[in-house]
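Listed below are the residues making up each chain.
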Amino acid sequence: MNGVAVELLKSVEQFVYREARCMDEHRYDEWLAFWEQELLYWVPCDDTDEDPRRAVSIIHDRRAQLEQRVTRLKGRYAFAQQPRTRLLRVVSNVEIESDSGESLAVGSTFALGDWRSDRQTAWFGRNRHVLVRHGDGFRMREKKVLLLNNSGALGNLTFLV
Amino acid sequence: MGGNPGGAGGIDALVRDDGRVHSAIYTSQEIFDLEMERIFHRGWVYVGHESEVPNAGDYRRRTIGRQPVILVRGSDTRVRVLANRCRHRGALVCENDKGNAKQFRCWYHGWSYDDTGRLISVHAPEGYDQTLDFAGNSLTEVPRLDSYRGFLFASFAPSGKSLAEHLGRAAGYMDISIDASPAGEVALDYGVHRTKYHGNWKLVGMDGYHPTVLHASMFSLRSKMGQASYQDPWEDASASATRHLDNGHVMLDLTGSRMHNLQEHLDTWEKVEGGPEYVRAMRAAYGRERGDYLLAQMGDPHMGVFPNLQLIGSHARVVIPIAPDLTEVHMFPMRLLGVPDGVNEYRLRRHEFSYGPASFVSPDDAEIFERTQIGMMAEADPWLNLTRGIRRETRAADGSIAGRITDEIPQRYQLQAWKDMMSEAA
Ligand code: FES
Ligand SMILES: [Fe+2]
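For clarity, every value in this text was computed on a predicted model and none was experimentally measured.

What counts and how
Residues numbered from 1 in each chain as written. Chains lettered and ligands numbered in written order. Predicted model: local features only at pLDDT ≥ 70, side-chain atom pairs only at ≥ 80, totals over all residues. Heavy atoms only, no water. Domains from an automatic or database assignment. Contact = heavy atoms within 4.5 Å. Buried area = accessible area lost by both parts, 1.4 Å probe. Helix = DSSP H or I, 4+ residues; strand = E, 2+ residues; numbered from the N terminus. Buried < 20%, exposed > 50% of the residue type's maximum accessible area, 1.4 Å probe, protein only. Polar contact = N/O pair within 3.5 Å; in protein donor to acceptor, adjacent residues only side chain to side chain. Salt bridge = Lys/Arg side-chain N within 4 Å of Asp/Glu carboxyl O. Donors = N, O, S within 2.8 Å, 3.2 Å for Na, K, Ca; no water. Tetrahedral: all angles 85-135°; square planar, octahedral: opposite > 155°, others 65-115°. Axes fitted to C-alpha atoms, helices over the stretch in contact; angles between N-to-C directions. Parallel < 35°, antiparallel > 145°, perpendicular 65-115°, else oblique. Nonpolar A, V, L, I, M, F, W, Y, C, P; charged D, E, K, R; others polar. Expected span 1.5 Å × (residues − 1). Disulfide = S-S within 2.5 Å. Pairing = 2+ DSSP bridges.

For the rest of this paragraph, the subject is the domain arrangement of chain B. Residues and elements named next belong to chain B. What the domain assignment reports for chain B is domain 1 (45–160) and domain 2 (168–423). The straight-line distance from the C-alpha centre of domain 1 to that of domain 2 is 33 Å. Tallying the contact residues gives 12 residues for domain 1 and 20 residues for domain 2. In total, about 1400 Å² of surface goes out of reach between domain 1 and domain 2, with carbon and sulfur atoms giving 62% of it. For the domain 1 face of the interface with domain 2, the top three residues by lost area are Tyr-46, Arg-149 and Phe-151, together amounting to 42%.

If you want it as structure tokens, here you go:
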């Protein structure tokens, strides 16, 4: 890898780490600012990520739904997040899969620990970000999260993944 | 009744006619065990939908109570429910959640069964001196399986009430889901949201009192219902009702307020891709009056078929008891046959808004069930109060018992059916 490629990878890594930290700390408005105007936040379900028009998803948000999600979580009545889930995630295996100049497809993996109601839950998954260059940084156009156990019976997943 | 779960007086004393219920029915392991035996391993239990096994060899792994079973369509085209247990020494013969197979081969010692459950070969058969009775070693078939318009119910009891008797008036209301399709047919082939919560299975219930309180965060997102004429279906003053149909099948009957809001619902379809064609197709299929009624209901009867099926929103929900304080809820969105793709896609995205582990409604339900399960451990005064509206119950023209939308008719009558089944010794 040449110096330019290393720099690019580093800046992409820093971006996904910052996004992870923002989600861990429930900083919803800041997280919203990571996104492009036109967006897709997609968490497939039941081991199928082919066509969300023909299969139910855990999350399939465009901007309107994502804003509703954030509004709900910020309000006082989202009881599944009262109290909030304590979160800590390790993001790793960051790879730039493709670079069109305007946008990048980035793969990564994560291990996420959640602590709530005297219970610790472990989540694992694979992210695929589509990042658009913006100033000297990036914005997310798409984020797809493949949870390892997305065909299993899931408990409270009302925090950001 | 063997034993005496829950203390003096047994089951009868725990569910009182005056609407007071002892919380032991949600917390006791002994009562849970008895529920498995007397409700799930005896009565009619929903096991799946015909559209999940359309072709010969198609199968789904399911459970009935504690028992692992296979729902499978045989090469003779018949659908069966077979115990997922090798007749040799008991190993699972089907390990995948779903698929298509000509044979189920047990990987322990190689006994193989065809898709009708017949034992067809064993490894090294000579060891049985030609005495092995193949015909007598088929996978054990659950004795009764019957369908209501594609919804399959099984019962381990070889005889007793028919499915039609069991469903009673509930069947006609299930039609609201099915006849949301102009072809009168739905398919459960969009996958499934599987969720779980640490609470008793009966807490899923069917409750018209809680939405405005527990789901306030969702209503505040949706408060734009606009028109002054719009009737809030969750208000007691609305034309909504709670209803006991038969045998513990209950309904948050929103049909009245939805008819009041017919125009809003028709306006919604105007804006959905393919919606105008859908409205035309429904009126052509069912006539203007029935067509509009069904369109107003949005395919949602909001009903519970005791003990384990609910039809809510656009999905079929299966309640799966795992332990007294652990329950899985599987939600299968229904695809309407004979409608434009945009209509089904709209229903799917609407489902995801409200239901599933990361949605805006059902996680708050799961959360409150967990808090309830913990709260009920404070047993100094164990009596729950399910008396709401007990003095304003009425008998409707069709014979069902009705109350206002916030009344606890569903809770009282589900538990009445529960008590009847739990009290039957044999
Ligand atoms: S247990 Fe199945 S072949 Fe032995
Ligand atoms: Fe609810």
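A separate point is the side chain of A:Arg72. Examined against the element boundaries, A:Arg72 turns out to sit in helix H3 (residues 63–74). Accessibility expressed as a relative area gives 4% for A:Arg72, which makes it buried. Within the local environment of A:Arg72, its side chain forms a polar contact with the side chain of B:Ser217, the two groups lying 2.7 Å apart. Beyond its immediate sequence surroundings of up to four residues, A:Arg72 is in contact with A:Ala78, A:Thr158, B:Ser217, B:Leu221, B:Ser359, B:Phe360 and B:Asp364.

Now for the interface of chain A and chain B. Across the boundary between the two partners, chain A contributes 31 residues, which contact 33 residues of chain B. Of the roughly 2800 Å² buried at the junction of chain A and chain B (both faces included), carbon and sulfur atoms supply 53%. When the buried surface of chain A facing chain B is broken down by residue, A:Val56, A:Arg72 and A:Phe79 rank first, second and third, together holding 22% of it. The interface formed by chain A and chain B holds four salt bridges in total. B:Glu367 is paired through a salt bridge with A:Arg116; the nearest N and O atoms lie 2.7 Å apart. The interface formed by chain A and chain B includes 21 residue pairs in polar contact (both at pLDDT 80 or more).

Turning our eyes to something else, we now look at the coordination of the iron ion (ligand 2). Residue and element names in this part refer to chain B. Taken together, the protein ligands of the iron ion (ligand 2) are His-210 (NE2), His-215 (NE2), Asp-365 (OD) and Asp-365 (OD), with distances of 2.0 to 2.6 Å. With four donor atoms in place around the iron ion (ligand 2) and angles of 55 to 156° between them, the coordination shape is irregular. Each donor residue of the iron ion (ligand 2) belongs to the same chain, with the gaps between them written as H-x4-H-x149-D. With His-215 in the loop between helix H6 (211–214) and helix H7 (216–221) and Asp-365 in helix H12 (residues 362–375), this residue pair connects regions lying 150 residues apart in the sequence.

Before going further, it helps to spend a moment on the packing of helix H3 (residues 29–40) of chain B against helix H13 (residues 409–422) of chain B. All names here are of chain B. In the contact formed by H3 and H13, the axes pass within 9 Å of each other and the chain directions differ by 80°. With respect to H13, the axis of H3 lies roughly perpendicular. Across the interface between the two elements, Ile-31, Leu-34, Glu-35, Arg-38 and Ile-39 from H3 touch Trp-418, Met-421 and Met-422 from H13. Of the residues belonging to the contact of H3 with H13, the class tally is six nonpolar, no polar and two charged.

Taken as a whole and assessed by the stated rule, the structure comprises 45 salt bridges over all chains. Salt-bridge contacts for A:Arg63 lead to A:Glu67; the nearest nitrogen and oxygen are separated by 2.8 Å. Of this pair, A:Arg63 and A:Glu67 both sit in helix H3, four residues apart, which is roughly one turn of the helix. On the basis of relative accessible area, A:Glu67 is assigned to the partly exposed category, the value being 35%. One salt bridge in this structure joins B:Asp175 and B:Arg149, with 3.0 Å as the shortest N-O distance.

In this model helix H10 (residues 275–297) of chain B runs just 15 Å from its N-terminal to its C-terminal C-alpha over 23 residues, more than 12% under the 33 Å that 1.5 Å per residue would give. Of the residues one or two after H10(B), B:Met298 is the one with positive phi, at around 55°.

What follows deals with the state of the cysteines. Residue and element names in this part refer to chain B. With the rule as written, the count across this model stands at zero disulfides over all chains. Here Cys-94 is not disulfide-linked; the sulfur of Cys-106 is the nearest cysteine sulfur, at 12 Å. Overall, the relative accessible area of 3% leaves Cys-106 in the buried class.

Moving on, we get to unusual backbone geometry. Most peptide bonds take the trans configuration, and most residues that are not glycine carry a negative phi. Cis geometry marks the peptide bond from A:Gln82 to A:Pro83; its omega dihedral reads 0°. Assignment of secondary structure puts A:Pro83 in the loop between H3 and strand E3 (86–99). In the segment running from B:Phe306 into B:Pro307, the intervening peptide bond is cis, with an omega of 5°. Phi at A:Ser117 takes a positive value of approximately 50°, unusual for a residue other than glycine. By the element assignment, A:Ser117 lies in the loop between strand E4 (103–116) and strand E5 (119–134). Of note in the backbone geometry, A:Asp118 takes a positive phi value of approximately 60° without being a glycine. Note that A:Asp118 resides in the loop between E4 and E5. For A:Asp118, a relative accessible area of 69% puts it in the exposed group.

With that settled, the discussion passes to H13(B). Residues and elements named next belong to chain B. Its 14 residues give H13 an end-to-end C-alpha distance of 20 Å, which sits within 8% of 20 Å, the value for a rise of 1.5 Å per residue. Burial of H13 is extensive: 11 of the 14 residues sit out of reach of the surface. Restricting attention to buried positions, one finds in H13 the residues Ile-409, Pro-410, Gln-411, Arg-412, Tyr-413, Gln-414, Leu-415, Ala-417, Trp-418, Lys-419 and Met-422.

The next thing to look at is the sheet that holds E3(A). For sheets, the rule is that strands pair by backbone hydrogen bonds, running either parallel or antiparallel. Residues and elements named next belong to chain A. Read across the open sheet, the six strands follow the order E2-E1-E6-E5-E4-E3; overall the sheet is mixed. Each of the sheet's edge strands pairs with one partner strand only, and the pair in question is strand E2 (57–61) and E3. When the angles between neighbouring strand axes are averaged without regard to direction, this sheet yields 20°. Two strands pair when backbone bridges link them, and E3 and E4 are joined in this way by 11 bridges, in the antiparallel orientation. Across the sheet, the residue bridging to Ile-96 is Val-106, located in E4. In the packing of helix H1 (residues 3–24) onto the sheet, contacts are made with E3, E4, E5 and strand E6 (137–147), and the angle to E3 comes to roughly 150°. Packing against the sheet, H3 makes contact with strand E1 (35–44) and E2, and its axis sits at approximately 80° to E1.

What follows covers the side chain of B:Arg38. Topologically, B:Arg38 is positioned in helix H3. Given the relative accessible area of 5%, B:Arg38 is considered buried.

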